[in-house]
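# Structural characterization, general
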Amino acid sequence: MVANRVDGPADRTERDGPVDSQDDLDRRADRRHRWVVRGGQWGVGVLIIVLWQLAGQVFGSFTVSSPWLIVQRIVELVTGGTLWPDLGTTLAETFAGLAIGMVIGVALGVLIAPSKTVGRWFYPYIMALYSLPRVALAPLFIVWFGIGLESKIFMVVTMVVFVAFYNTYQGMRGIEPDLLEMTRSFRAPWSARLRWAILPSIAPWILTSLRLSIALALIGAVIAELVGASQGLGYYMGYAANVLDTTGVFAGLVIITVIAMLAEQLVALVERRVLRHRATR
């Protein structure tokens, strides 16, 4: 007795239509996975907002405020024009300190890592400085640089530079020795080795440190503004806390969180394009 054969996808022929390739199936699976992830993220966000709104009704707006009151406050700040000076000040401090800290950290990592001896000289002291509580140093920065932008930028630099250095240092130690030896055998100048061998090899490490440093830069700017400032989101939140304005404090926190998320997504987009470019080379 011959059993009836059930045709599956593998038994399809050209007569039945085109057969999907494995790449097409993988792309569809990846697309479905992305939609599931995005749907889950939106679902979790909605759940948090609903629970927060209920908590505001149970415990009172004075304690935890509520999403609706926070949105109203942000709209008032935007339409009234009072948000833009504080936002501009905080963004200037954040991105100026982020850029300076990244450049210094990457440069230190590139210069120190190639020599094991020099690296062992400086590495313990750099990591010791990294362990210092920068929050406790904020008043000292104000004594040195005043309450202007300089003290806030310096605070941000100290938050960022060590992360950039450590990631660059590890990336440099992971470069293939044969690649560097090949550049030396061709007697390539240092600038050519840096451009064509070193920077492409450590680019993922630099981008990772940049993604981590965005939040740290915002934290450093806000902390410095809380300690002493005349403008900025940290100054606004400190003033709101002094007058027991819980909604104002949460409004500042929400604005900072949105800025960090947007900046992180922008860096993630650049990272994907860089890695895709490296994979196709």
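To keep things clear, this report deals only with the structure shown in the data block. Because the structure is predicted, anything quoted here is derived from the model rather than measured.

## What to know about the pattern of salt bridges
Two side chains with opposite charge may pair up if their charged atoms get near one another. Counting across every chain of the model gives 3 salt bridges. Taking the shortest distance from any N to any O, the salt bridge between arginine 73 and aspartate 245 comes out at 2.6 Å. Taken together, the positions of arginine 73 in helix H3 (residues 67–80) and aspartate 245 in the loop between helix H10 (233–242) and helix H11 (246–280) put the pair 172 residues apart, joining distant regions of the chain. Ionic pairing is found between glutamate 264 and arginine 211, a salt bridge with its closest N-O pair at 2.2 Å. Of the two residues, glutamate 264 is situated in helix H11 and arginine 211 in helix H9 (residues 190–227); the sequence distance between them amounts to 53 residues. Residues joined by salt bridges that share partners form a network here, namely Arg73, Glu76 and Asp245.

## Here we look at the packing of aromatic side chains
Using the criterion set out here, one finds 7 aromatic pairs in the structure. Pairing phenylalanine 165 with tyrosine 169 gives two aromatic rings, centres 5.6 Å apart and planes at 40°, and the pair type is tilted. Pair noted here: phenylalanine 165 and tyrosine 169 are both in helix H7 (residues 149–173), with a separation of 4 residues, about one helical turn. Of the two residues examined, phenylalanine 165 and tyrosine 169, each falls in the buried class. Three or more aromatic residues link up through ring pairs in this structure, and these residues are Phe141, Trp144, Phe145 and Phe154. When the ring centre of tryptophan 35 is taken as origin, the NZ or CZ atom of arginine 38, which lies over that ring, is 5.9 Å away.

## A look at the side chain of serine 213
Examined against the element boundaries, serine 213 turns out to sit in helix H9. Contact partners of serine 213, with chain neighbours within four places excluded, come to Leu98, Met102, Val160 and Val163.

## Examining the nonpolar core
Counting 24 residues, the largest nonpolar core has Leu98, Met102, Val160, Met172 and Ile202 as its most contacted members. In terms of residue count, the dominant contributor to this core is H7 (8 residues). Core analysis: the second largest hydrophobic core is formed by 15 residues, Ile70, Leu233, Ile259 and Ala260 among them.

## Some details on the side chain of aspartate 86
Inspection of the secondary structure assignment puts aspartate 86 in helix H4 (residues 83–112). Despite its burial, aspartate 86 remains without a salt bridge, the nearest opposite charge being carried by arginine 73 at 11 Å.

What counts and what doesn't
Residues numbered from 1 in each chain as written. Predicted model: local features only at pLDDT ≥ 70, side-chain atom pairs only at ≥ 80, totals over all residues. Heavy atoms only, no water. Salt bridge = Lys/Arg side-chain N within 4 Å of Asp/Glu carboxyl O. Helix = DSSP H or I, 4+ residues; strand = E, 2+ residues; numbered from the N terminus. Phe/Tyr/Trp six-rings, centres within 6.5 Å; stacked < 30°, edge-to-face > 60°. Buried < 20%, exposed > 50% of the residue type's maximum accessible area, 1.4 Å probe, protein only. Lys NZ or Arg CZ within 6 Å of the ring centre and 35° of its normal. Contact = heavy atoms within 4.5 Å. Core = buried A, V, L, I, M, F, W, Y, C linked by side-chain atoms within 4.5 Å. Lys, Arg positive; Asp, Glu negative; His and termini not counted.

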